[in-house]
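Residue-level structural notes
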Amino acid sequence: MGERTDDTADGGDASINDPLLTTPVARLMALAMGTDVRVLDVPTARGAGLAGLVGLGSDEDGEPRPTIGLADDLDDDLRADVLAFGLAVLVGTPEILGESPDGVLGISRERLPQADNGPGNLAWHMVQTCGRESPSTTFQLMIIQTDR
C-alpha cells in the first residue's frame, strides 16, 4: 500500500498533519479554520475569570458564524484544551448554546474531572490526535450575566 499524500497545491484543504503545524494549538487552529470556526483572543480583563467563550457570532455580512474566544493569558497547554473543548461543544452539542439568551457561553478556567462522554471526551480525543496528552479537557460551561 502506498502512503497517503495531501496535495494542497490544487486548492485542497490542508491536513492537520501538515509538518508546519508543529504544536497542538497550531493543529487545532487549522481544524477551526477548516471548519469555518472563528477563533478570537479575548482580553483577560473582559473575560471575568473565564478561559474562553463559545457561541455564534456574525461574519462581515451579518450571517451567523461559530466563534470561540480564548483568554489572551492562557499558556499553550490550556489554550489547546480550551480550544478543543470549544470545538467539541460547537460540533457535538451546539443545542446547548440555546441555554444562553445571546447564544454565547463562558468556559471556566478550572478543569473538571475528565468526562467519559460529551464535549469533554470529544475534546480529549482531539488533543490526543494533535499530539497533546492532557489531564482533562472538560470544563464547565456558564451563562454569562451581562449588565443591562
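Residues numbered from 1 in each chain as written. Predicted model: local features only at pLDDT ≥ 70, side-chain atom pairs only at ≥ 80, totals over all residues. Heavy atoms only, no water.

1. Examining the overall build of the protein chain
Operational definition: Here a strand is any run of E in DSSP of at least two residues, a helix any run of H or I of at least four, and the numbering for each starts at the N terminus. Only protein chains enter the area calculation, which uses a 1.4 Å probe; residues under 20% of their type maximum are buried, those over 50% are exposed, and those in between are partly exposed. What makes two residues a contact is simply this: any of their non-hydrogen atoms within 4.5 Å. What sets the accessible areas is the Shrake-Rupley method with a 1.4 Å probe; for residues, cover comes only from the shown protein chains.
Along the backbone of the protein chain there are 3 helices and 5 strands. Walking the protein chain from its N terminus toward its C terminus, one meets helices and strands in the order α-β-β-β-α-β-α-β. Residues counted as buried form 38% of the 148 residues belonging to the protein chain. Within the protein chain, contacts between residues separated by at least 24 positions form 68% of all contacts whose residues are at least 6 apart in sequence. Total accessible area on the protein chain is roughly 8900 Å²; 51% of this is exposed by carbon and sulfur atoms.

2. Quick notes on the sheet that holds strand β4 (residues 104-111)
Threshold: We treat two strands as partners when DSSP finds at least two bridges between them. Axis definition: a line fitted to C-alpha atoms, over the contacting stretch in the case of helices. Angles run 0 to 180 degrees between N-to-C directions.
Across the sheet, 5 strands lie side by side as β1-β3-β2-β4-β5; this open sheet has mixed pairing. Each having just a single partner strand, β1 (38-42) and β5 (139-143) make up the two edges of the open sheet. Pairs of neighbouring strands in the sheet enclose a mean axial angle of 30 degrees, with direction left out of account. Taken together, the 7 bridges between strand β2 (residues 52-58) and strand β3 (residues 64-71) define a ladder with antiparallel strand orientation. Each bridged residue has a counterpart across the sheet, and for Gly55 the counterpart in β3 is Thr67. Set on the sheet, helix α2 (residues 76-92) makes contact with β1, β2, β3, β4 and β5; between it and β3 the angle comes to about 155 degrees.

3. A closer look at unusual backbone geometry
Peptide bonds are, in most cases, trans, and in most cases residues other than glycine have a negative phi. Positive phi values are uncommon outside glycine, yet Asp36 reaches one of about 60 degrees. By secondary structure assignment, the location of Asp36 is in the loop between α1 (24-34) and β1.

4. Re the pattern of salt bridges
Side chains bearing opposite charge may pair, as long as their charged atoms lie close to each other. So the rule is basically this: Salt bridges are counted wherever a side-chain nitrogen of Lys or Arg sits within 4 Å of a carboxyl oxygen of Asp or Glu.
Going through the model one piece at a time under the given rule, you end up with 6 salt bridges. Put simply, Arg109 and Asp73 hold a salt bridge, and the shortest N to O gap is 2.5 Å. On the criterion of sequence distance, the pair formed by Arg109 in strand β4 and Asp73 in the loop between β3 and α2 is long-range, its members being 36 residues apart. Judged by its relative accessible area of 28%, Arg109 falls in the partly exposed class. Residue Asp81 pairs with Arg111 through a salt bridge whose shortest N-O separation is 2.6 Å. With a gap of 30 residues between them, Asp81 in helix α2 and Arg111 in strand β4 connect regions that are remote in the sequence. Residue classification places Asp81 among the buried residues on the basis of a relative accessible area of 0%. It is possible to trace a salt-bridge network through shared partners that takes in Asp77, Asp81, Arg111 and Arg132.

5. A word on the packing of aromatic side chains
We count it as follows: Between 30 and 60 degrees the pair is tilted, below 30 it is stacked and above 60 it is edge-to-face, where a pair is any two Phe, Tyr or Trp rings, Trp via its six-membered ring, whose centres lie within 6.5 Å.
Tallied over the entire structure, the rule returns 1 aromatic pair. Ring geometry for Phe85 versus Phe139: centroids 5.7 Å apart, planes at 70 degrees, classification edge-to-face. Taken together, the residues span a long stretch of sequence, with Phe85 in helix α2 and Phe139 in strand β5 at a distance of 54 residues.

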